[in-house]
Amino acid sequence: MTIECNQLETAYSPSLNRPILNGIDCKIKQGEFVALLGLNGAGKSTLLRSFVGLIPVKTGEIRINDTLITPRTLRRIRRDVGLIFQGGGLVKQLPAIDNVLCGCLGGLNTWETLWGFPKKQRDRAFELLANFGLKDLAYQKTGQLSGGQQQKVAIARALIQSPQILLADEPTAGLDVIAAQQVIEILAQLHREQGMTVVVVLHDLGMASTYPERAIVLDAGQIVYDGKCHNLSDKFSKLTPPKVEV
Ligand SMILES: Nc1ncnc2c1ncn2[C@@H]1O[C@H](COP(=O)(O)OP(=O)(O)OP(=O)(O)O)[C@@H](O)[C@H]1O
Ligand SMILES: [Mg+2]
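In what follows, the accompanying structure is described. All figures in this text were calculated on a predicted structure; none of them were measured in a lab.

With respect to the side chain of Thr46
For step 1, the next point in the chain: Tracing the backbone shows Thr46 in helix α1 (residues 44-50).
For step 2, the next point in the chain: Judged by relative accessible area, Thr46 falls into the buried class, the value being 6%.
For step 3, the next point in the chain: Not counting chain neighbours up to four residues away, the residues in contact with Thr46 comprise Thr10, Tyr12, Ile20, Leu21 and Ile55.

Spelled out as structure tokens, the structure:
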């Protein structure tokens, strides 16, 4: 599945004069593995969220698999796109398996969930957690899992509807080297073995040059580099960080 943005401008509220994304043009092809990079506040999360209609488009357009995102097409498109939120976005009080099941709420009607989630979905949620080594923790409160384990729950939630596109916003943040590698390896495997289109926001340039094939670097809501994952630190040295004083 492809993602295409043409002259995309977004602002969080109409009263906000300054657009957060400013004329984004990009095309991500079916099966690509793309790293979305940039300094804090550059607009990475905003861009990722706008792909699933969570941020209002001011001007320009977004197309998923040639379908223009509109309020009418959004529900159908969302079924094909799995999103892993920055920080996980999980309900900590719920068991891990329930968080995974929340990922299929959009695809079920009220009747189907009246007596709880259907067995087919519960089995699939358990299978996903088991695949990520969380079989014994499936019924544990999510807040009681480690950061790395929670990140895997967030991936399982994004995967339960078998999406064709996976958008992951800093899925390795706060993880130790091994856990971060495991998480990025899961994404790489989904790309390699299932041909999934994967867009991942990363801050680790080493990881970005190892796994994804293409890097898109954002600066102040604009794309300043789009190409191979080579010499990424060079690209970063040209960005202007905000001034910080102590
Ligand atoms: N809900 C919001 N309302 C208004 N402005 C927002 C909102 N969320 C983010 N912004 C602003 O949009 C800009 C881009 O934010 P965004 O979260 O997309 O950055 P980011 O590149 O993901 O940064 P980080 O690396 O810190 O996660 C920032 O200037 C931020 O202050
Ligand atoms: Mg962000």
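Observations concerning the nonpolar core
For step 1, the next point in the chain: Membership of the largest hydrophobic core comes to 48 residues, with the highest contact counts inside it found for Leu37, Leu129, Leu166 and Leu187.
For step 2, the next point in the chain: Per element, the largest residue contribution to this core is eight residues, and it comes from helix α7 (residues 177-194).
For step 3, the next point in the chain: Within the second largest apolar cluster, 28 residues are counted, among which are Cys5, Ile77, Val201 and Ile216.

Some words on the coordination of the magnesium ion (ligand 2)
For step 1, the next point in the chain: For the magnesium ion (ligand 2), every protein donor is listed as Ser45 (OG) and Gln86 (OE1), and the spread of their distances is 2.0 to 2.3 Å. You can see Ser45 sitting in helix α1 and its partner Gln86 sitting in the loop between β6 (81-84) and α3 (96-102), a full 41 residues away along the chain.
For step 2, the next point in the chain: A relative accessible area of 18% places Ser45 in the buried class.

A word on the environment of Tyr139
For step 1, the next point in the chain: The residue Tyr139 is located in the loop between α5 (119-131) and α6 (147-159) in this model.
For step 2, the next point in the chain: Along the primary structure Tyr139 and Asn40 are separated by 99 residues, whereas in three dimensions their C-alpha atoms are 35 Å apart.
For step 3, the next point in the chain: In contact with Tyr139, other than residues within four places in its own chain, are Pro95, Ile97 and Phe126.

Describing the packing of α5 against α6
For step 1, the next point in the chain: Running from amino to carboxyl end, α5 crosses α6 at an angle of 140°, the nearest separation of the two axes being 9 Å. As far as their axial angle goes, α6 and α5 are oblique. The chirality of how α5 crosses α6 is right-handed. Where α5 abuts α6, its residues Arg124, Leu128 and Leu129 lie against Val153, Ala156 and Leu159.
For step 2, the next point in the chain: Looking at the contact of α5 with α6 residue by residue, the class counts come to five nonpolar, no polar and one charged.

Thoughts on the sheet that holds strand β4 (residues 57-64)
For step 1, the next point in the chain: The strand order across the open sheet built from four strands is β2-β1-β4-β5, with neighbouring strands paired in antiparallel fashion. Edge strands, defined here as strands with exactly one partner in the open sheet, are β2 (21-28) and β5 (67-68).
For step 2, the next point in the chain: Here six bridges tie strand β1 (residues 3-10) to β2, and the two strands are oriented antiparallel to one another. Note on β2: the bridge partner recorded for Glu4 is Lys27.

So, the site of ligand 1
For step 1, the next point in the chain: Around ligand 1 sit 14 residues, and of these Gly41, Gly43, Lys44, Ser45 and Thr46 come closest.
For step 2, the next point in the chain: Within the side chain of Lys44, an N or O atom sits 2.7 Å from an oxygen atom of ligand 1.
For step 3, the next point in the chain: Glu170 is positioned with one of its side-chain polar atoms (N or O) 3.4 Å from an oxygen atom of ligand 1.
For step 4, the next point in the chain: Residues of the shell around ligand 1, tallied by class, amount to four nonpolar, seven polar and three charged.

Notes on the packing of α6 against α7
For step 1, the next point in the chain: Their axes nearest at 10 Å, the elements α6 and α7 cross at an angle of 20°. When the interaxial angle is binned, α6 and α7 end up roughly parallel. When the axes of α6 and α7 are compared, the crossing they make is right-handed. Contact with α6, carried on its side by Gln151, Lys152, Ile155 and Leu159, involves Gln182, Val183, Ile186, Leu187 and Leu190 of α7 and no other residues of that element.

Rules used in this analysis
Residues numbered from 1 in each chain as written. Chains lettered and ligands numbered in written order. Predicted model: local features only at pLDDT ≥ 70, side-chain atom pairs only at ≥ 80, totals over all residues. Heavy atoms only, no water. Helix = DSSP H or I, 4+ residues; strand = E, 2+ residues; numbered from the N terminus. Buried < 20%, exposed > 50% of the residue type's maximum accessible area, 1.4 Å probe, protein only. Contact = heavy atoms within 4.5 Å. Core = buried A, V, L, I, M, F, W, Y, C linked by side-chain atoms within 4.5 Å. Donors = N, O, S within 2.8 Å, 3.2 Å for Na, K, Ca; no water. Axes fitted to C-alpha atoms, helices over the stretch in contact; angles between N-to-C directions. Parallel < 35°, antiparallel > 145°, perpendicular 65-115°, else oblique. Left-handed = near helix turned anticlockwise from the far one by under 90°. Nonpolar A, V, L, I, M, F, W, Y, C, P; charged D, E, K, R; others polar. Pairing = 2+ DSSP bridges. Near = heavy atom within 4 Å. Polar contact = N/O pair within 3.5 Å; in protein donor to acceptor, adjacent residues only side chain to side chain.

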